[in-house]
Amino acid sequence: MSDDQELLTIGRLSRRTGMPVRTIRYWSDIGALPPAGRSGGGYRLYDAASVARLELIRTLRELGLGLEEVRRILERETTVAAVAAVHVEALDAQIRTLRLRRAVLGTVAKRQSDTEEMTLLNQLARLSADERRRIVEEFVDEVFEGLDADPDIEARMRRTPADLPDDPTPEQVDAWVELAELVRDPDFRRHMRTVVEHNAAQHPAPGASVWFARKVVGVVGAARERGVAPGAAEAEPVLTEILGADADRAAVLARLEAGMDGRAERYRQLLAVLGGEPPRPTHVAEFHWLAEALRAHP
C-alpha cells in the first residue's frame, strides 16, 4: 500500500501537513475534518482525502477567512467564490485605508508637522468623498451666488474634480489638505468673489473669459518674444490688438488687478495635482505684462 492510500494518525497527519495536532483535532471535533476511520484502540485515522481537505482548510485560513466561513464552505453551505468576493471588497477597503494612512504620514514627514497639525491633516484626508465634495461646493456657491458671471467659468469650477483618488500619493494628500485650507479661508473666498464680480460687471457671453485669456496669452506671448517692454511705445498696438480701440482700459486693469493673486493660480495647480495631471503651464507673466502696459498706456 502506498503512502497516499494508507491511513494516518493525527500525529502522522500533522507531520505530513505541518499543521499542529491541536488544530487538526479542533477541525475534527467540529466536523469539518471527519476521520476516515478508527484504529483498534479508537484513535482517529485519516486518508489522502483528509490530507487534501486539511490543505484546503489551511489555504482558506491563510487567505483570512474566519472559522465559521471555512466551516460553511466545507459543509457546502456557501461557495469559495461567494466568500472570496466578500473578502475582496473588504480587502480593497483595507488597502485604500492603508494607502491613505501612508500618504498622510508621508505628508506629515514632508511638512515636519507637530501633533496638532498631524491631527488636522488626518481629519481632512479621512473625510468621506461627499464631505470633501461639499467643502468645495460651498466655496463655489459662495463665490458665484447672485452674480451673472460667465456661466462657463462656474460650470468648469463645478465640473473639475477636487477630490482624492482611491489610491492617493503623498503629493495628492498634501494637495487636498492645502486646497481644503485654501477654499475655507474667508479672505480667499472674498478675493475670488471680487474677481467674479468684475467678470459679471462686464456681462460676458458664455466662453468669453476663456477666449480673452487665450488671446492675451497668444498676443502678449508673441510681444514678449519680440522683446516688447510693457512701457514702450510698441506696446500700444499690442493693447489695441487685444482690447480693441474703444475698450475701457481702466476697467480692464481693475479686473486684471483683482485677479492677480498667487492663490488663484495655486488653486488651479492643486486641482491639477489632485487630477493626476502634469503641472499646468502658468501664464502669470503674460497677465502681469498686460497690467503693466495698461498702467503705462491708460
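Below is a short write-up of the structure. Being a predicted model, the structure only gives us computed values, none of them experimental.

Okay, the nonpolar core next. The nonpolar side chains of a soluble globular protein tend to be buried with one another. Core analysis: the largest hydrophobic core is formed by 30 residues, its most contacted members being F139, F144, M157, W176, L179 and Y267. Secondary structure elements with two or more residues in this core: α5 (80-111), α7 (129-144), α8 (151-159), α9 (170-183), α10 (186-201) and α14 (262-274). Sorting elements by how many residues they give to this core places α9 first, with 8 residues.

Listed as buried for helix α1 (residues 10-17) are I10, L13, S14 and T17. Around the axis of α1, the buried residues are gathered within 105 degrees of arc, so they sit on the same side. On the buried face of α1, the contacting elements are β1 (8-9), α2 (21-29), β3 (44-46) and α3 (48-62). At the exit of α1 stands G18, carrying a positive phi of roughly 80 degrees.

Before going further, it helps to spend a moment on the sheet that holds strand β2 (residues 37-38). Within the open sheet, the 3 strands sit side by side as β1-β3-β2. Their pairing is antiparallel. At either margin of the open sheet sits one strand with a lone partner, and together these are β1 and β2. As defined by bridge partners, β2 adjoins β3 across 2 bridges and the pair is classed as antiparallel. The partner of R38 across the bridge, within β3, is R44.

This brings us to the packing of aromatic side chains. A complete count under the given rule lists 4 aromatic pairs for this structure. Pairing Y26 with W27 gives two aromatic rings, centres 5.4 Å apart and planes at 70 degrees, and the pair type is edge-to-face. The partly exposed category is assigned to Y26, whose relative accessible area is 35%. Seen from their ring centres, F139 and Y267 are 5.5 Å apart, and the 50 degrees between their planes marks the pair as tilted. On the criterion of sequence distance, the pair formed by F139 in helix α7 and Y267 in helix α14 is long-range, its members being 128 residues apart. Taken individually, F139 and Y267 each receive the classification buried, so the pair is uniform in this respect. Three or more aromatic residues link up through ring pairs in this structure, and these residues are F139, F188 and Y267.

A few words now on a nonpolar patch on the surface. Nonpolar side chains collect at one region of the surface, where Y26, I30 and L67 lie side by side and expose about 230 Å² of accessible area between them. Note that Y26 resides in helix α2.

Let's shift gears to helix α15 (residues 284-296). Residues lying three or four places apart along an α-helix face the same way, a consequence of the helix completing one turn every 3.6 residues. With 13 residues, α15 ought to run about 18 Å at 1.5 Å a step, and its terminal C-alpha atoms sit 18 Å apart, in line with that. What α15 keeps buried is the set E286, W289, L290, A291, A293 and L294.

Our next topic: the side chain of E286. Looking at where E286 falls in the secondary structure, it is placed in helix α15. The buried category is assigned to E286, whose relative accessible area is 11%. Ignoring any residue separated from it by four or fewer positions in sequence, one finds E286 in contact with V216, V217, V220, G221 and R224.

Moving on, we come to the pattern of salt bridges. For the coordinates displayed, the defined rule picks out 13 salt bridges. The salt bridge involving R249 is made with E236; its shortest N-O contact spans 2.7 Å. Within this pair, whereas R249 is found in helix α13 (residues 249-259), its partner E236 is found in helix α12 (residues 235-243), the two being separated by 13 residues in sequence. For E236, a relative accessible area of 29% gives the class partly exposed. A salt bridge links E265 to R268; the shortest N-O distance between them is 2.8 Å. In this pair, E265 and R268 both sit in helix α14, 3 residues apart, roughly one turn of the helix. Owing to a relative accessible area of 14%, E265 belongs among the buried residues under this scheme.

The next point concerns the environment of D185. Along the chain, D185 falls in the loop between α9 and α10. Of the polar contacts made by the side chain of D185, one reaches the backbone nitrogen of D187; its length is 3.0 Å.

What counts as what
Residues numbered from 1 in each chain as written. Predicted model: local features only at pLDDT ≥ 70, side-chain atom pairs only at ≥ 80, totals over all residues. Heavy atoms only, no water. Core = buried A, V, L, I, M, F, W, Y, C linked by side-chain atoms within 4.5 Å. Buried < 20%, exposed > 50% of the residue type's maximum accessible area, 1.4 Å probe, protein only. Helix = DSSP H or I, 4+ residues; strand = E, 2+ residues; numbered from the N terminus. Arc of directions from axis to C-beta. Contact = heavy atoms within 4.5 Å. Pairing = 2+ DSSP bridges. Phe/Tyr/Trp six-rings, centres within 6.5 Å; stacked < 30°, edge-to-face > 60°. Patch = residues over 30% accessible without salt bridge, like charges linked within 9 Å, V, L, I, M, F, W, Y side chains within 5 Å. Areas by Shrake-Rupley, 256 points an atom, 1.4 Å probe, with all protein chains shown as cover. Salt bridge = Lys/Arg side-chain N within 4 Å of Asp/Glu carboxyl O. Expected span 1.5 Å × (residues − 1). Polar contact = N/O pair within 3.5 Å; in protein donor to acceptor, adjacent residues only side chain to side chain.

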